[in-house]
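Architecture and fold: a report
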Amino acid sequence: MNSNTGSDLVKVENLVKVFTSRDKKKDFYAVDNVSINFKYGELTTLLGPSGCGKTTTLRMLAGFEFPTSGKVIVDGKDITMQTPNKRDVGMVFQNYALFPHLTVYENVSYGLKIKKVGKAELKNRTEKILSLMQLEKMKDRTPSELSGGQQQRVAIARAIITEPKILLFDEPLSNLDAKLRQYMRMELRNLQRRLGITSVYVTHDQEEAMAISDQIVILNKGQIQQVGSPLEVYLNPVNKFVANFVGNSDILQASINKVTEKSIGLSLEGTNIQVKSILDHKFKKGDLVDCAIKPEFWSIDDEGNFLVEIIQATFLGSYMEYLAKLGEQSFTFVDYYYYENGQKEIGSKIWLRLRNDLIKVLE
């Protein structure tokens, strides 16, 4: 474990990237005043929809784009305007960017060759990395003779062989099929942990972000919405955008009927429930509030306190997914015990229980 673990290796301060439109009438803020700290040895994911600024931020870390304003600081040194070859950074691209005419061995060793590493050391380090990535038997093949997963391993091997301080990933799994994606993301995470390289990973896939990250940075329209651990951003979204983007949430409206220091009393379609108080927000009796509720917070229970009507039922193998109506509002819930509870018919009315302690009242 790195002795610096827990402290910041990379600091991004007030980063802004403005692109001027062709007619020069309107500036487009691709990245709008973004500040993030990246800790030694941790993997941070930049997560958000297309056009949210995550790839532009990554490219500014790599040196492929220069910011309009703001700073990129690595190990206390300002590298904002340094060219990519002067930065101690490895990058894995979405399309792998392998040299088609070179063998696997030549592709992987390319970075060391550029750095003019001696022949013996180059051979030793290349063979070590090929072994680590389980590519020894493929070393004489060209990229066209490899599967997508194998090409991706070559791209990672090429990025880590120079032992960079920072490893950047730009949607590296998006070209793989679902099963291989799942396998490769765990391989990639295990490798990153083993090597202890500070990594920044870009994806629009929230499940991928949840599975591999120490820290998730959620971006929308060039601005940070929330920063936290996967569990934090999943269970404690700060706004509607995060609630809807990270895992599926239904936003149900409730009215406040009681406020104490520790809890808030809510009326949700006529049923009274208590949720945790938000200390830094002043709610008062009578306020209408939005509540973020995940599908798994509900469970079928004959002694539950919410009577709902099933309006849609979908069998998804390991669970049933239902769309239900509660008063004038509809929401989704899942049942992992359908083989005990039975599959519910559309139009049937059932009782549900809600995990009040997990409901997030949005500010």
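Quick look at the structure, then. (Residues numbered from 1 in each chain as written. Predicted model: local features only at pLDDT ≥ 70, side-chain atom pairs only at ≥ 80, totals over all residues. Heavy atoms only, no water.)

1. Considering a nonpolar patch on the surface
- Together, Tyr336, Tyr337 and Tyr339 make up an exposed nonpolar region whose accessible area comes to about 390 Å².
- Inspection of the secondary structure puts Tyr339 in helix 9 (residues 338-341).
- Taking relative accessible area as the criterion, Tyr339 reaches 59% and is therefore assigned exposed. (Patch = residues over 30% accessible without salt bridge, like charges linked within 9 Å, V, L, I, M, F, W, Y side chains within 5 Å. Areas by Shrake-Rupley, 256 points an atom, 1.4 Å probe, with all protein chains shown as cover. Salt bridge = Lys/Arg side-chain N within 4 Å of Asp/Glu carboxyl O. Helix = DSSP H or I, 4+ residues; strand = E, 2+ residues; numbered from the N terminus. Buried < 20%, exposed > 50% of the residue type's maximum accessible area, 1.4 Å probe, protein only.)

2. A closer look at the sheet that holds strand 8 (residues 198-203)
- Taken in spatial order, the six strands line up as 6-7-8-3-9-10 in an open sheet, and their pairing is mixed. Each of the sheet's edge strands pairs with one partner strand only, and the pair in question is strand 6 (89-92) and strand 10 (223-228). Each adjacent strand pair in this sheet contributes to an overall mean axis angle of 20°, direction not counted.
- The pairing of strand 3 (residues 43-47) with strand 9 (residues 215-220) spans four bridges and is classified as parallel. Across the sheet, the residue bridging to Thr44 is Gln215, located in strand 9.
- Where helix 4 (residues 148-160) meets the sheet, it contacts strand 6 and strand 7 (166-170), and its direction lies at approximately 170° from that of strand 6. (Pairing = 2+ DSSP bridges. Axes fitted to C-alpha atoms, helices over the stretch in contact; angles between N-to-C directions. Contact = heavy atoms within 4.5 Å.)

3. A word on the pairing of strand 9
- Counting buried positions along strand 9 gives six out of six residues, so the element sits mostly inside the fold.
- With burial as the criterion, each face of strand 9 is covered, one bearing Gln215, Val217 and Leu219 and the other bearing Ile216, Ile218 and Asn220.
- Pairing analysis gives five bridges linking strand 9 to strand 10, with the strands arranged antiparallel. The partner of Leu219 across the bridge, within strand 10, is Ile224.
- Between strand 9 and strand 10, which pair antiparallel in sequence order, lie two residues; one of them, Lys221, sits at a positive phi of approximately 50°.

4. Description of the side chain of Asn220
- Looking at the element boundaries, Asn220 is found in strand 9.
- Those residues in contact with Asn220, other than ones at most four positions away along the chain, are Pro49, Cys52, Gln225 and Phe241.

5. Here's the deal with helix 5 (residues 178-195)
- Taking 1.5 Å per residue, 18 residues should reach 26 Å; helix 5 reaches 26 Å between its end C-alpha atoms and fits that length.
- Among the residues of helix 5, those classed as buried are Arg181, Met184, Arg185, Leu188, Arg189, Leu191 and Gln192. Take helix 5 and look down its axis: the buried residues cluster within an arc of 165°, on one side only. Opposite the buried face of helix 5, by more than 90 degrees, sit the exposed residues Lys179, Arg193 and Arg194.
- Buried residues along helix 5 sit in contact with strand 3, helix 3 (119-132), helix 4, strand 7, strand 8 and helix 6 (206-212).
- A positive phi of about 65° marks Gly196, the residue just after helix 5. (Expected span 1.5 Å × (residues − 1). Arc of directions from axis to C-beta.)

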